[in-house]
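# An overview of the molecular structure
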Amino acid sequence: MKHLLGISDLSATQIAALLERTRHHAQALKHGDWDPARLKGKIILHLFFEDSTRTLTSFEVAAKRLGAQVVNWNPHTSSLSKGESFIDTIDTLGAMGADALVIRHSEYGAPITVAQRVKCPVINGGDSWREHPTQALLDAHTMIEAKGGLENLTVTIIGDIAHSRVAASNMILLTKMGAHVRVIAPATLLPEKLPAPDIAKFTSLAEGLPGSDIVMTIRLQKERMDRGLIPSPEAYFAQYGLTSAVLDQYAPKALVMDPGPLVRGMQMEDDVAEDPRRSLILKQVANGIPTRMAVLDMLLTPQA
Ligand code: NCD
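Parameters and conventions
Residues numbered from 1 in each chain as written. Predicted model: local features only at pLDDT ≥ 70, side-chain atom pairs only at ≥ 80, totals over all residues. Heavy atoms only, no water. Phe/Tyr/Trp six-rings, centres within 6.5 Å; stacked < 30°, edge-to-face > 60°. Helix = DSSP H or I, 4+ residues; strand = E, 2+ residues; numbered from the N terminus. Buried < 20%, exposed > 50% of the residue type's maximum accessible area, 1.4 Å probe, protein only. Near = heavy atom within 4 Å. Polar contact = N/O pair within 3.5 Å; in protein donor to acceptor, adjacent residues only side chain to side chain. Areas by Shrake-Rupley, 256 points an atom, 1.4 Å probe, with all protein chains shown as cover. Axes fitted to C-alpha atoms, helices over the stretch in contact; angles between N-to-C directions. Left-handed = near helix turned anticlockwise from the far one by under 90°. Contact = heavy atoms within 4.5 Å. Nonpolar A, V, L, I, M, F, W, Y, C, P; charged D, E, K, R; others polar. Pairing = 2+ DSSP bridges. Right-handed = clockwise from strand over helix to strand, strands pointing away. Salt bridge = Lys/Arg side-chain N within 4 Å of Asp/Glu carboxyl O.

### So, the packing of aromatic side chains
All told, the structure shown has 4 aromatic pairs when counted by the stated rule. Relative to W129, the ring of Y108 has its centre 5.4 Å away and its plane inclined at 50 degrees; by these criteria the two rings are tilted. Of this pair, Y108 sits in the loop between β3 (100-105) and α4 (110-117) while W129 is found in the loop between β4 (122-127) and α5 (133-147), placing the two residues 21 residues apart along the sequence. Given the relative accessible area of 43%, W129 is considered partly exposed. An aromatic cluster is defined as three or more aromatic residues linked by ring pairs; in this entry it consists of F49, W73 and F86.

This is the structure we're talking about:
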C-alpha cells in the first residue's frame, strides 16, 4: 500500500490489517507505552483546501504522538490567490520533499491527481462526496470496540446519502467486511446507484430502523446541494431526526454514531447525542487518533 486514497482501493485483508494496526495503537495509547519516536525525522504536509475541525486536528495529534513534524499549509494565504493553478501548487509543494501529504479537497478525485504527481505517500482526508477513508476506518474501529466485530452487524446510515463521502466510504468498508448495511433518507437524497452492493434502501425510520445494531446519522451536506432537496429543516427533523422516543420504539438497543459536525436539532436531539448508554460520538473522535497513527505508521515505516 503506497497511498490511502479510498476504501474502494483496499481489499478486505488490507482493511483488516489497518484495523489490527489501529487496535495496536489504541492499546498503546491506553497503556501509555506507544513509541513516540516511530516517525522521528518525518515531515507531514497537510493540504486542507476545505474546512475541518476533527480530521485536521486528529491527523496532527496522531503525527505528533509518533514524533513526526507537521506543516499545515493554508490555501487562504497561499499563491492560489495570485492565480497559481492547483497543479502548479501541488508540484511546488511536492518538490519540497515532505515524507507524506494529507489532502482534503472539494474536487472529486483530487487526491488521486495529487498521488500521480508527487513522490511521497498521499492520504485522502476527504474529497467531495467520493471518499473519506480514515473516517470509515475510525468508525469501523469504534463499531468493533463496541460490538466485537463487523461480520453480520446491521449498520443503518441515515441522512444525506447522496452527497456524503463519509456515507460512501462506510458503505464500501462495511459491505467488504461482511456487515449488513441499510440506508434511510428522503428519496431526493437517496441515489439510484450506491457505491457498494447489497445495501437495503428505506425512506422511513419505521421501516429501516428495526434490527439495527448501529445507527449512523449524516449531516445534510448543503455545500454540495445545488437546490433545496428537503422541504425545511423542521420537516426533515420530524421525519428523520433521531429522538429517544423513536429509538425506544424501533431500535432500543442500537448504538448511535455521527462523524460530526453535529448540527443540533437536525441529525438527532441533544438527549440522544449526549446519552452515555447510546452515543459513541466522542469515542469516534478519540478513535481518530489511533486510526491515523496506524495509517501513518503503515505508509511511512517499512512493515515487518
Ligand atoms: C465530515 C467531512 O468533512 O467529511 N466530517 C468529518 O470529517 N468527520 C462530515 C461532514 O462534513 O458532514
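### Quick look at the site of the ligand
Around the ligand sit R54, T55, R104, H132, Q135, R165, V166, R219, Q221, P259, G260 and P261, and that is every residue in its neighbourhood. Between R104 and the ligand, the recorded distance is 3.0 Å, taken from a side-chain N or O atom to an oxygen atom. Between P259 and the ligand, the recorded distance is 3.0 Å, taken from a backbone N or O atom to a nitrogen atom. Relative to its unbound accessible area of 320 Å², the ligand is 93% covered by the protein chains.

### Observations concerning the packing of α5 against helix α11 (residues 281-300)
Running from N to C, α5 and α11 point in directions that differ by 115 degrees, and their axes come no closer than 8 Å. Taken as a pair, α5 and α11 cross one another with a handedness that is right-handed. Seen from α5, the contacting residues are T134, Q135, L137, L138, D139, H141, T142 and E145; seen from α11, they are K283, Q284, N287, G288, T291, R292 and V295. Split into classes, the residues belonging to the contact of α5 with α11 amount to 3 nonpolar, 8 polar and 4 charged.

### Some details on the pairing of strand β1 (residues 43-48)
For β1, the buried fraction is high: 5 of the 6 residues fall into the buried class. Alignment of β1 against strand β2 (residues 69-73), held across 5 bridges, turns out to be parallel. By the bridge assignment, I43 is partnered in β2 with Q69. Each parallel crossover has a hand, and for β1 linked through helix α2 (residues 54-65) to β2 it is right-handed. The sheet contact formed by β1 and β3 spans 5 bridges and is parallel. By the bridge assignment for β3, F48 is matched with R104.

### A short note on the pattern of salt bridges
Under the counting rule described, the total for this entry stands at 15 salt bridges. The shortest N-O distance in the salt bridge between D297 and R21 comes to 2.9 Å. With D297 in helix α11 and R21 in helix α1 (residues 12-31), this pair connects stretches of sequence that are 276 residues apart. For E274, the salt bridge goes to R264, with nearest N and O atoms at 2.8 Å. Taken together, the positions of E274 in the loop between α10 (270-273) and α11 and R264 in the loop between β9 (255-257) and α10 put the pair 10 residues apart, joining distant regions of the chain. Overall, E274 belongs to the exposed group, its relative accessible area being 52%. Salt bridges linked by common partners bring E50, R165, R219, E223 and R224 together as one network.

### Remarks on the sheet that holds strand β6 (residues 180-184)
Taken in spatial order, the 5 strands line up as β7-β6-β5-β8-β9 in an open sheet, and their pairing is parallel. Whereas interior strands pair on both sides, the edge strands pair on one side only; in this sheet they are β7 (200-202) and β9. Ignoring strand direction, the axes of neighbouring strands in this sheet form an average angle of 20 degrees. Of the strand pairs in this sheet, strand β5 (residues 154-159) and strand β8 (residues 214-218) are connected by 5 bridges, and their pairing is parallel. Bridge pairing links I158 to T217 in β8.

### Side note on the side chain of Q221
By the secondary structure assignment, Q221 is in the loop between β8 and α8 (233-240). Among the residues examined, Q221 registers a relative accessible area of 7% and is labelled buried. Not counting chain neighbours up to four residues away, the residues in contact with Q221 comprise D160, H163 and S164.

### Here's the deal with the environment of S79
Summarising the element assignment, S79 is placed in the loop between β2 and α3 (86-94). With 120 residues separating them in the primary sequence, S79 and I199 have C-alpha atoms 44 Å apart.

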